Amino acid sequence: MAVDREPRLMGYADRWSAAPGESLAVHASGPDGDADVTLMDLVREADLTPAVPVTIAPRPLRPGSRLEAASVPTPARGGLALWIRPKRLGPRQVVARLGAAGWRLLLALDEEGRPEATVLTPSGSMGCRLRSAVPAGEWSLLAVAWEAAPLMTVLHLNDFRTTGVSAGRARLPLPSPSGELLIGAGDEHPYAGRIALPMLTEGPLAMPGRVPLTDLTTGPELVKHLGPELLALWDPSAGPGAPVVPDVSGNGRHASAVNRPLAGLLGPGGDARTALQVSPEDLDDARWPVTCELTVPQDAGSTVLGVRLRTRGQSCVLPVVARPDATRRSPVAVVLPTFTYLAYANHRQSSEAEYFGDYRQVTDRVITLSPVDAYLNEHRELGLSLYDQRREGGHVTHSSRRRPVLNLTPDYRWWMTGAPRHFAADLLLLRWLRAAGFAFDVLADEDVHDGGADLLSAYRVVLTGSHPEYVTAPGRAAFSAYVSGGGRLMYLGGNGFYWVTGVDPRHPHAIEVRRGHVGDWWDDEPGEDVLTSTGEPGGLWRHRGLAPQELLGVGFAAQGWGPAPGYTRLPDSHRKEASWVFEGVGTDPVGCCGLALGGAAGDEIDRAAPELGTPPDTLVLATSAGGHGHHYRPPTEEAGSGAQAVRADMTLRLLGSGGAVFAAGSVNWVTSLACCDGDIRRITRNVLSRFLQPAACEEE
């Protein structure tokens, strides 16, 4: 691992979208010393405020999901038990730690996966270990009990699976009356895997001859069986995904779910969601102190702001969407796909390399890493994207904005294409709109999620960004109602409205995605694809009966990063109700240049598909069919569709209500728009200008 000469300057704002007059809290870390902060307009590329001095200090990151329960009893005669299902065996893992100053109990798995219990005190320690290892990927019930007396402490350990028992004796101090319980990822030797129904008792659960608890796999069963000796029992099924896991014993000793352990999982009984999954790499909240607060200027207008931090040798920019003033709206809104930005937040080349194996399958480019990409590969403590695999194995379900996101910057270039993607590409769209003379407001996905169709209805035209892949149910419903009610939608991207996405009101800073039934490396286990955020099934919108084609006219068809072609016009483009799209365009095909891969129809591309819901009145204006080489491959759900389905389709639909939908069907559309003063710009200008006319989009 490379050694950094000084701490990297980085940070995050407390929100990604703010209204005029609202305050932004900025959390930063970097080399000790002075810095300055400036608020910029990233669309106009101008400073809005003078530099203000601030003080920067290096801040630690503590990834690792866990349960923490403070002020729990540590009786002289007690027990701790829980179910575990390790994700891996090998390095030593501390499953639970109980105690206070002067007395600490550790329940761990050794390097071979054998359970061990240890009591540590300033005057000595003692421990015991079972002979057999617990199996990885299977449930085991572990229980440790202690009896502490002035002259002797006795420790018992039981795994109930093999009825193995181990005991130890030593003369040690008595425990304090109360302490703290930590289950999951501690600072050293963190546990990776599932836990279920951890409990504390006044009494030795693991004493020989005790009635086995293996048949008691729900909270109510355990409460009834253990009665008054139960001091605490934490059951996440009582509120899956909540930041606090309730103590169902009735004693009120609730536990904090730190860094959002994965919830909604089947426990050892197989029929109750009593399990949590903890990982050393989860990071829901960096919990850095506030470095400074800034106010969004009342006269900034709706744009994308940049909080620029600078030290003597480093700088970084933190983007924030400046929402419009409620009393002043432009006729056009651009909805930046901030949920997609979150899904790809700190997306690592190392994980993508593991997924694809040999990159030559999907690209003919030489992969070159920027300093940011190299840093992300080396610094996993910044938190993972939804496309990274955990080191212990398994996919990532949540992504949070309460942490530094290093690939969310205006100058970021994606390693696969060497070109702007996601936020950097969408910023180019906004700059083009401004240069072309169009007045517009900027919204974020979370704004549409919260404001719904009422928010969108204020605009005559709504544009998407280049890759609106992750959409919540309220967001999708808002777009659908907007179009049905007469709104005009310009879908300027590819692979849009694809994954069902959840935002939990208890965790408004994060998204949740469950990816069941896709047949890829990130599939959830059977029965575990329900979003704890909303209670709805996760997976693809297509599998919910709402394929993107139904709303947009096109949906995900293929991905690849070989040379990108343009679009060849089709007969529908010459019909009187659509020919205006190509007014002033003298080339055919169109879109044969671009910043990314050399063309407009590349990266992730969409096609029209009547069998998946493309409305029959949709006009297919142009297509890239036949222009893609072997680097472009359909996704798993499209595997049987054949080579003819590997294409980007440009479509137009005019609704009787006056609503309309134009679809570009390619992630690369925006990067071609940004660099080529020609056909893609002309088509985009034609469509936007026509859509702005009050009655110009009615069916003819």
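Calculation criteria
Residues numbered from 1 in each chain as written. Predicted model: local features only at pLDDT ≥ 70, side-chain atom pairs only at ≥ 80, totals over all residues. Heavy atoms only, no water. Helix = DSSP H or I, 4+ residues; strand = E, 2+ residues; numbered from the N terminus. Areas by Shrake-Rupley, 256 points an atom, 1.4 Å probe, with all protein chains shown as cover. Lys, Arg positive; Asp, Glu negative; His and termini not counted. Charge placed at Lys NZ, Arg CZ, Asp CG, Glu CD. Salt bridge = Lys/Arg side-chain N within 4 Å of Asp/Glu carboxyl O. Buried < 20%, exposed > 50% of the residue type's maximum accessible area, 1.4 Å probe, protein only. Pairing = 2+ DSSP bridges. Axes fitted to C-alpha atoms, helices over the stretch in contact; angles between N-to-C directions. Disulfide = S-S within 2.5 Å. Parallel < 35°, antiparallel > 145°, perpendicular 65-115°, else oblique. Contact = heavy atoms within 4.5 Å. Nonpolar A, V, L, I, M, F, W, Y, C, P; charged D, E, K, R; others polar.

Here's the deal with the overall build of the chain
For the chain, the helix and strand inventory stands at 10 helices and 39 strands. The dimensions of the chain, computed from C-alpha atoms along their principal axes, are 95 × 60 × 50 Å. Carbon and sulfur atoms provide 50% of the accessible area of the chain, an area that totals close to 25,100 Å². Positive and negative side-chain charges of the chain, numbering 65 and 80 respectively, have mean locations separated by a distance of 2 Å.

Thoughts on the pattern of salt bridges
In total, this model carries 36 salt bridges according to the counting rule given. Taking the shortest distance from any N to any O, the salt bridge between Glu 281 and Arg 380 comes out at 2.6 Å. On the criterion of sequence distance, the pair formed by Glu 281 in the loop between strand E22 (275-278) and strand E23 (292-295) and Arg 380 in the loop between helix H4 (371-378) and strand E27 (398-400) is long-range, its members being 99 residues apart. Residues Glu 281 and Arg 380 agree in their burial class; the two are buried.

Some points on the sheet that holds E23
Ordered by their spatial adjacency, three strands build an open sheet running E1-E3-E23, and the pairing between neighbours is antiparallel. The two strands at the open ends of the sheet, each matched to only one other strand, are strand E1 (10-13) and E23. Direction aside, the axes of adjacent strands within the sheet are offset by 30 degrees on average. In this structure, E1 lies alongside strand E3 (residues 23-29), joined through four bridges in antiparallel fashion. Residue Gly 11 lies in a different strand from E3, and its bridge partner there is Ala 28.

Structural notes on the state of the cysteines
Counted according to the given criterion, the structure contains zero disulfides. The closest cysteine sulfur to the non-disulfide-bonded Cys 316 is located on Cys 292, 11 Å from its own sulfur.

Let's talk about the packing of helix H6 (residues 445-456) against helix H7 (residues 473-484)
Where H6 contacts H7, the axes come no closer than 8 Å and their chain directions differ by 10 degrees. Here H7 runs roughly parallel to H6, going by the angle between their axes. Facing Val 448, His 449, Gly 452, Ala 453 and Leu 456 of H6, the residues of H7 in contact are Pro 474, Gly 475, Ala 478, Phe 479, Ala 481 and Tyr 482. A class-by-class count of the residues in the contact of H6 with H7 yields eight nonpolar, three polar and no charged.

So, the pairing of strand E17 (residues 193-201)
Counting buried positions over the nine residues of E17 gives nine, a clear majority of the element. Here strand E8 (residues 77-86) runs beside E17; their pairing, made up of seven bridges, is antiparallel. Residue pairing in the sheet places Trp 83 in a bridge with Ala 196 of E17. Relative to strand E18 (residues 230-233), E17 runs antiparallel, the two sharing three bridges. If you follow Thr 201 over to E18, its bridge partner there is Leu 230.

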